[in-house]
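Commentary on secondary and tertiary structure
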Amino acid sequence: MFGNLREKLHNVVQEGLSASLRGLSVNEVIVAQSPSEHPVNYDAGADLLHKYQTEWNQLHLLAEDNAHKAEEVNEMISLLHHQMSEQWKKMDTITSCMDSMPQLVKSIENAMKDMENIKLLINDVEHQLLKLDDVVEEQELQEQMLNERFQLAVYRSKKLKELEKISGELEADHKEKVTDLEQKINIKLKERQEIFNQVFQQDMRQYIISGMIPVMKSSSNGGRDEVSLEDIEIEDDTDALDELLNS
């Protein structure tokens, strides 16, 4: 834009100088046609030419200065346009934000409500966690009690097995001792039975021969006393008596 303006000013100056030079040339021709009336002035138009040259030079310098200033103004306008574009974008962003402000406020309110609900849920979760801790402690206590009971049952079972083993050993020992004692008693009873049988047979033979029962020695008075049949105790085993009577 400013380059075109500079070219236009340059063209205007050149046209003005060209017109001035053309006018000067016409005057010189007129003077040349009448040399008899006026003498030739070779310095004619020099001042005008100098004036136009000086003005043209000044105009050229002013045009270049205006071009530089126009470039600076163009840069300032470009910078201002860029800044205005940025500001316009920012204003557009702010306008969009302002348009979305009610929705943002509503979202913030919903978020605050959600935070209150979350706070209530956190409190509820903390309360439930405390209950869970109590339940876990109770469960651990119950498991410990069950473990102790199991250990006690195992110990009791072990001791019962040991007791049964000891009881079986004692019972076997007792049975063995009882069997030995019974055998000894049976042996003694058999010995006494044989002695009694021998004495009885002797007495019966003496009774058959003499008709009297021999007097037995008494340990109480150390003498012989007569013994009646009523004083004699007959054992249940009468096999020897039956055998003797049958003979």
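Residues numbered from 1 in each chain as written. Predicted model: local features only at pLDDT ≥ 70, side-chain atom pairs only at ≥ 80, totals over all residues. Heavy atoms only, no water.

Looking up the protein chain in an unreviewed UniProt entry gives the name Dysbindin, with the organism given as Macrosiphum euphorbiae. Here is the UniProt Sequence similarities (unreviewed entry) comment for the protein chain, exactly as written: "Belongs to the dysbindin family." (UniProt positions renumbered as here; feature names shortened; annotations may be inferred.)

Turning to the overall build of the protein chain, a few remarks are in order. Looking only at helices and strands, the protein chain has four helices and zero strands in total. In the protein chain, the order of α-helices and β-strands from amino to carboxyl end is α-α-α-α. Across the 247 residues of the protein chain, 5% fall into the buried class. Pairs at least 24 apart in sequence give 50% of the contacts found in the protein chain among residues at least 6 apart. Of the roughly 22200 Å² that the protein chain leaves accessible, carbon and sulfur atoms contribute 58%. (Helix = DSSP H or I, 4+ residues; strand = E, 2+ residues; numbered from the N terminus. Buried < 20%, exposed > 50% of the residue type's maximum accessible area, 1.4 Å probe, protein only. Contact = heavy atoms within 4.5 Å. Areas by Shrake-Rupley, 256 points an atom, 1.4 Å probe, with all protein chains shown as cover.)

The next point concerns helix H2 (residues 46–99). Helix length check: H2 (54 residues) gives 75 Å between terminal C-alpha atoms against 80 Å at 1.5 Å per residue, within 8%. Here H2 has its buried residues at Ala63, Ala67 and Ala70. (Expected span 1.5 Å × (residues − 1).)

One pass over the structure, following the stated rule, counts four salt bridges. Where Lys175 meets Glu171, a salt bridge forms, and the shortest distance between an N and an O atom there is 3.6 Å. In this pair, Lys175 and Glu171 both sit in helix H3 (residues 101–210), four residues apart, roughly one turn of the helix. Of the residues examined, Glu171 reaches a relative accessible area of 42% and is grouped as partly exposed. The shortest N-O distance in the salt bridge between Lys177 and Asp173 comes to 3.8 Å. A residue pair is termed a helical-turn pair when its members lie 3 or 4 positions apart in one helix, as Lys177 and Asp173 do in helix H3 at four residues. Accessibility expressed as a relative area gives 53% for Lys177, which makes it exposed. A relative accessible area of 31% means that Asp173 is categorised as partly exposed. (Salt bridge = Lys/Arg side-chain N within 4 Å of Asp/Glu carboxyl O.)

This next bit is on a nonpolar patch on the surface. A surface patch of nonpolar side chains, about 740 Å² in accessible area, is lined by Met91, Ile94, Met98, Met101, Leu104, Val105, Ile108 and Met112. Of all the elements in the fold, those that place two or more residues in the nonpolar patch are H2 and H3. Counting residues per element, the nonpolar patch draws most heavily on H3, at five residues. (Patch = residues over 30% accessible without salt bridge, like charges linked within 9 Å, V, L, I, M, F, W, Y side chains within 5 Å.)

Negative charge collects at one region of the surface, where Asp133, Asp134, Glu137, Glu138, Glu140 and Glu143 lie side by side. Residue class for Glu137 comes out exposed when judged on its relative accessible area of 52%. (Lys, Arg positive; Asp, Glu negative; His and termini not counted. Charge placed at Lys NZ, Arg CZ, Asp CG, Glu CD.)

Let's shift gears to the confidence of the model for the protein chain. The share of residues in the protein chain with pLDDT of 70 or more is 67%, and the mean pLDDT across the chain is 77. Per-element confidence in the protein chain is highest for H3, whose mean pLDDT is 88, and lowest for helix H1 (residues 2–33), whose mean pLDDT is 55. Segment residues 24–36 is flagged for pLDDT under 50; beyond a separation of four residues in sequence, or across chains, it makes three contacts in the model. The low-confidence segment residues 218–232, where pLDDT is below 50, has 14 contacts with residues more than four positions distant or belonging to other chains. (pLDDT = per-residue confidence, 0-100.)

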